[in-house]
Amino acid sequence: MSILDSAKQAMMGAIVRLTPDAPPDPLIGRHGAVGSQLSRIDGPLKVAGKARFAAEVPYDDLLFAAVLFSRVARGRITSLDTSGAKAAPGVALVMTYQNAPRMGAPKIMGESPMAGGPSNLPVMQDDRIHWNGQPVAVVLAETQEQADYAKSLIRIAYEVEPAITSFEAAKAHAHPPESVLGEPPALETGDAEAALAEAAFRVDNLYRTPRHNHNAIELHAVTVVWDDGSLTIHDASQMVHQTAWTIADMFGIGEDKVRVISPFVGGGFGGKCMWYHQVLAAAASKLAERPVRLVLSREGVFRSVGGRTCTEQRVALGAKADGTLAALIHTGVVAMTTHNSCPEQFSFPARHLYAADAIKLAQEVADMDMLANTFMRAPGESVGTFALESAIDELAIAMNIDPIELRRRCEPEKDPTSGAEFSSRHIIEAYRRGGERFGWHRRNPVPRSTRDGEWLIGHGVATATYPYYRMPGAGARITLSADGHALVQIATHEMGMGTATVQVQHAADRLGLPIHQVSFEYGDTTLPMGTIAGGSNQTASVVAAVRAASDALFDELLRLAGNSSPLAGLKADELEARDGGLVSMQDPTRAENYAAILKRAGRDELAIEASAPPPIEVQKYSMHSYGAQFCEVRVNETTGETRVSRFVGSFDTGRILNPKTAASQFRGGIIMGLGLALTEETMFDERTGRIMNPSLAEYHVPVHLDVPHIEVIWNDIPDPHSPLGLHGIGEIGITGVGAAVANAIFNATGKRIRELPITLDKLL
Amino acid sequence: MRFIINEHSIEADVDVRTSLLDLLRDHLGLTGTKKGCNQGACGACTVLVDGERINSCLALAVQYQDREILTIEGLGTIGDLHPLQAAFIEYDGFQCGYCTPGQICSAVAMIGEIRRGLPSALTEDLALEQIGFSEDEIRERMSGNLCRCGAYNGIIEAIRATYAEESAQEREAAA
């Protein structure tokens, strides 16, 4: 960041802090549909196998695609023989860089609000190879079997160039990224190294986390069709508008010429943004002049859809005799490429969690020749909390105090790096409630002191944390019908978070309607633009947009109601929505329902669209969610196998909108955290840059038997500064889990493992 | 080729290389059966053949002619859900819903295996004629069905609630 940018940001910060708070959302204290255990409204479709995913949209005349991937990490294609493939039965097209339509390079996500490209590399436009696994050819045929067979007949020769495929080698040239999601890559207050050297108690260690892949069970898939210069993409997407804009930009057509539809997404976790397959399918379909379905193989997903990058982190903590921190140092390096921007913000937790006299934080990136890495569930926080929260545990052991007590002593009054006030922080309460539920006071703090036969038993705890985000730019449309039904539309995303369910609950309360009178449409670029499903921002962003639309709707209803209405003379802020209409808060006898207002005005329906106000709250306050993750493990002394036998997650995430779907979100995050802790690793061949375990048989996600009953509880204390008092909860569940498990394993065995995943070999 | 799918006789002219999964999804429009890996590693494609669960991605369609194939579409419909489908909704046994048809089909066959006294790796007494419905017994038997959203707790609760109830009703009827 330049000095000028920093100065501008500081000035903006000062202006924002002086801006008065928006009045709290009037629905914060109200009980209605929000807060109820509504079952998923798309449940019947999903359990009956009738929810239609991207690869399931039928078209006559459909062609099936197969994608061939490069086997070298860097170089150029010297010869291409596609004659055998072209002559194979059923083949309609073989596309390579030689015949692909000319397209501009994608604009990278973050470059502008609408850009969504995974990297700025051109897609199949030249003979250059940038990573081992880059798509080099697409075959279209009448059936999938024919396409797969024809693909095997393509012959390609490469001229191989030296590539950086060793993280060790790349680290030698590590450098700070331009920014880490808009934050400076390095921060320093005081002289942390000197404070560390003089501290009464010290821990100073390196922690390593491997590459991960999202591995949503639905394969990345698109069904695409061109019609008169317009492109429709049935996608599995967590960012429909940015995908449409970026692809339109690449093809040099208007953004209104690309429609992305994505009503159901079979798991995303950060992996279902825009990648190369959407572009390749669209390009091949354009050449073949027929609709195309492209479903990546599981191997294809590993080759061409990025995952979480690897990290090497140093955490050093220096404590004074009273247990407060004199120094907090969290630095490290991650692998990235020169053609993307995703520096895995592992230092973010340390920016907000603990008070320390001196703080030093620094992130670097090491450039490698590999597939662009990307966001995966709690990018940064998931692996950053593994290092930081392991180190806190190590410090507590060095000081011989309880790790929860150590955290209590380091609790800051204000955000330790920004100085901003916390909007809502009840982390100690989460620890208290979680500890009670888990029975923390009964744990034996002496390592390797509890056993059951050959099983060593241990207990560990760690802090979970994830920021509150609300992204700008979301708009919503509400259409109120004369029969009192409301249709809410916004191009948001449902990947299993419960978006549609919770937004129906919200709109019902906002509009004073029963749930069955509200419907919700999403996942289509013809609707008002929402925000990407990322950063756990979606619920807050959509709620704010729908609230803006409902405010505008009430203004318009008042205008339509006119002078003969019981509402005449009242202002919108004197009203509340209740029982299918508007009611004076002062005098409940002054009320009129929507149907009556529309009927008198001679209207069949009323449609209003509005956008959410900018998210001033996130600039004014330090807004984060917190949690306390408690874990019990059993480690087999003979085999080194770790089994998680109990888990309690206690969360402080604002107000919970639907306890049923929220519990699933928390548990899902924790379970992905158990995979991160114990089994998950994308193995990268440092000689060739090739991923060695591109399958679900060799990349080990948790299965049924790996997962005990997980208890989740929450404070349910609303954040006065957020819509509905809510915080997004999609990502916090995974944070802290790696450290909670590692800390429990230390308590069980006396072995401190600082490199994930904690596999059997590391415990023998 | 002639197939019996969800009690209907269906003629289809497909390549002998076509998997049962691709036959269902790409040729017959029965897309309730899902493709998650095409390698037999995730269980999303689970269907029942003569009452037994198989990974349809590892099965060549040509080998399954004239067998009784049951898919999620044949198990229940939106208006008339199978009790286990309803329990999945009640206990939130899914999030994205993609692995769900496979989980449900797998569970239906799995219960049959328990009732027939087929032991699992966790069954301690192999001589038992009646194997219990313990949580771990079900977890072990369902471990071939992956769920990346992590709805495992809800899935186990849905299975236990459905079949504990059914078993109780059966006992009552027998009495």
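No experiment lies behind these values; they were computed from the predicted model shown. (Residues numbered from 1 in each chain as written. Chains lettered and ligands numbered in written order. Predicted model: local features only at pLDDT ≥ 70, side-chain atom pairs only at ≥ 80, totals over all residues. Heavy atoms only, no water.)

Along the backbone of chain B there are six helices and five strands. In terms of overall dimensions, chain B has C-alpha extents of about 50 × 35 × 35 Å along its principal axes. The buried share among the 175 residues of chain B stands at 56%. For chain B, the proportion of contacts with a sequence separation of at least 24, taken over those separated by at least 6, is 56%. Side-chain charges of chain B comprise 14 positive and 27 negative groups, with the mean position of each set lying 5 Å from the other. (Helix = DSSP H or I, 4+ residues; strand = E, 2+ residues; numbered from the N terminus. Buried < 20%, exposed > 50% of the residue type's maximum accessible area, 1.4 Å probe, protein only. Contact = heavy atoms within 4.5 Å. Lys, Arg positive; Asp, Glu negative; His and termini not counted. Charge placed at Lys NZ, Arg CZ, Asp CG, Glu CD.)

In this section: the UniProt feature "domain: Aldehyde oxidase/xanthine dehydrogenase a/b hammerhead" (unreviewed entry) in chain A. Taking the numbering used here, the UniProt-annotated feature "domain: Aldehyde oxidase/xanthine dehydrogenase a/b hammerhead" (unreviewed entry) corresponds to residues 48-162 of chain A. Helix makes up 11% of residues 48-162 of chain A and strand 30%, and the two end C-alpha atoms of the span are 52 Å apart. (UniProt positions renumbered as here; feature names shortened; annotations may be inferred.)

Turning next to the sheet that holds strand E8 (residues 201-209) of chain A. Residues and elements named next belong to chain A. Pairing is mixed in the open sheet, where five strands are placed in the order E7-E15-E14-E13-E8. On the outer flanks of this sheet lie strand E7 (186-189) and E8, each paired with one strand and no other. When strand polarity is set aside, the average angle formed by the axes of neighbouring strands in this sheet is 10 degrees. Of the pairings in the sheet, the one linking E7 to strand E15 (residues 356-367) comprises four bridges and is antiparallel in character. Across the sheet, alanine 186 pairs through a bridge with alanine 362, a residue of E15. (Pairing = 2+ DSSP bridges. Axes fitted to C-alpha atoms, helices over the stretch in contact; angles between N-to-C directions.)

Take the pattern of salt bridges next. Residues and elements named next belong to chain A. Per the counting criterion, the structure on display carries 60 salt bridges over all chains. Of the charged contacts, one joins aspartate 204 and arginine 314 as a salt bridge, the two residues approaching to 2.9 Å between their closest N and O atoms. Of the two residues, aspartate 204 is situated in strand E8 and arginine 314 in strand E13 (residues 311-319); the sequence distance between them amounts to 110 residues. By relative accessible area, which is 39% here, aspartate 204 ends up partly exposed. The salt bridge involving glutamate 592 is made with arginine 600; its shortest N-O contact spans 2.5 Å. Overall, the relative accessible area of 11% leaves glutamate 592 in the buried class. Counted as one network, the salt bridges with shared partners bring together Glu168, Lys171, Arg208 and Glu312. (Salt bridge = Lys/Arg side-chain N within 4 Å of Asp/Glu carboxyl O.)

A separate point is unusual backbone geometry. Residues and elements named next belong to chain A. Of note, the bond from leucine 756 into proline 757 is cis; its omega dihedral lies within 30 degrees of zero at -10 degrees. On the secondary structure map, proline 757 appears in the segment after helix H19 (737-749). Phi at leucine 181 is positive, roughly 50 degrees, even though this residue is not glycine. Phi is positive for leucine 724, close to 60 degrees, though the residue is something other than glycine. Tracing the backbone through its elements, the reader meets leucine 724 in the loop between strand E27 (710-714) and H19.

Let us look at the pairing of strand E17 (residues 455-467) of chain A. Residue and element names in this part refer to chain A. Across the 13 residues of E17, twelve count as buried, placing the element largely inside the fold. As paired elements, strand E16 (residues 451-452) and E17 share two bridges and run antiparallel to each other. Within the sheet, the bridge partner assigned to aspartate 452 lies in E17 and is tryptophan 455. Counting the residues that bridge the hairpin from E16 to E17 gives two residues, and of these glycine 453 lies at a positive phi of roughly 65 degrees. As paired elements, E17 and strand E25 (residues 624-636) share 13 bridges and run antiparallel to each other. Within the sheet, the bridge partner assigned to histidine 459 lies in E25 and is glutamate 632.

Right, let's talk about the nonpolar core for a bit. Counting 180 residues, the largest nonpolar core has A:Leu557 and B:Ile159 as the members making the most contacts within it. Considering every element that reaches this core, the biggest residue donor is helix H15 (residues 538-561) of chain A, with twelve residues. Apart from the residues lying within four places of it in its own chain, the contact partners of B:Ile159 are B:Leu84, B:Ala107, B:Met110, B:Ile111, B:Ile138 and B:Met142. (Core = buried A, V, L, I, M, F, W, Y, C linked by side-chain atoms within 4.5 Å.)

Below, the discussion takes up the domain arrangement of chain A. Residues and elements named next belong to chain A. Segmenting chain A into domains produces domain 1 (380-469 + 615-764) and domain 2 (471-614). A separation of 38 Å is found between the C-alpha centroids of domain 1 and domain 2. For the pair domain 1 and domain 2, the two sides together bury roughly 1,300 Å², of which 63% comes from carbon and sulfur. Our count for the contact surface shared by domain 1 and domain 2 stands at zero salt bridges. Where domain 1 touches domain 2, the interface holds four residue pairs in polar contact (both at pLDDT 80 or more). Mapped by element, the contributors of at least two residues to the side of domain 1 that touches domain 2 are helix H17 (616-620) and helix H18 (659-678). (Domains from an automatic or database assignment. Buried area = accessible area lost by both parts, 1.4 Å probe. Polar contact = N/O pair within 3.5 Å; in protein donor to acceptor, adjacent residues only side chain to side chain.)

All names here are of chain B. Split by domain assignment, chain B resolves into domain 1 (2-75) and domain 2 (83-174). Of note, the centres of domain 1 and domain 2, computed from C-alpha atoms alone, are 22 Å apart. Residue-level contacts link 17 residues of domain 1 with 17 residues of domain 2. Note on domain 1 versus domain 2: buried area summed over both sides is about 1,400 Å², and carbon and sulfur give 55% of it. The largest share of the area that domain 1 buries against domain 2 comes from Arg53, Ile72 and Leu75, three residues that together contribute 41% of it. Linking domain 1 to domain 2 there are two salt bridges.

A separate point is helix H3 (residues 83-90) of chain B. Buried within H3(B) are the following residues: B:Leu84, B:Gln85, B:Ala87, B:Phe88 and B:Ile89. The positive-phi residue at the C-terminal boundary of H3(B) is B:Asp92, with phi of around 55 degrees.

Next up on the list: the interface of chain B and chain A. Bring the parts together and some accessible area is lost; that lost area is often taken as the interface size. On the side of chain A, 57 residues touch chain B, which itself brings 54 residues to the contact. When the two sides are added together, the surface that chain B and chain A hide from each other amounts to roughly 4,400 Å², 60% of it contributed by carbon and sulfur. In this structure, the connection of chain B to chain A is made through five salt bridges. With its nearest N and O atoms 2.7 Å apart, the salt bridge here joins A:Glu680 to B:Arg148. Applying the counting criterion to the chain B and chain A interface returns 21 residue pairs in polar contact (both at pLDDT 80 or more).

Further remarks concern the pairing of strand E9 (residues 221-227) of chain A. In terms of burial, E9(A) is largely enclosed, as six of its seven residues are buried. Hairpin connection of E9(A) to strand E10 (residues 230-235) of chain A: two residues between the antiparallel strands, including A:Asp228 at a positive phi of 55 degrees.

All names here are of chain A. Spatially, E3-E5-E1-E12-E9-E10-E11 is the arrangement adopted by the seven strands of the open sheet, whose pairing is mixed. Edge positions in the sheet fall to strand E3 (91-95) and strand E11 (258-261), since each has one partner strand and no second. Strand-to-strand, the axes of this sheet are offset by a mean angle of 20 degrees, without reference to chain direction. With four bridges joining them, E3 and strand E5 (residues 135-141) adopt antiparallel strand pairing. Along E5, the bridge assignment pairs valine 94 with valine 139. Lying on the sheet, helix H4 (residues 144-151) is in contact with strand E1 (63-69), E3 and E5; it crosses E1 at an angle near 25 degrees.

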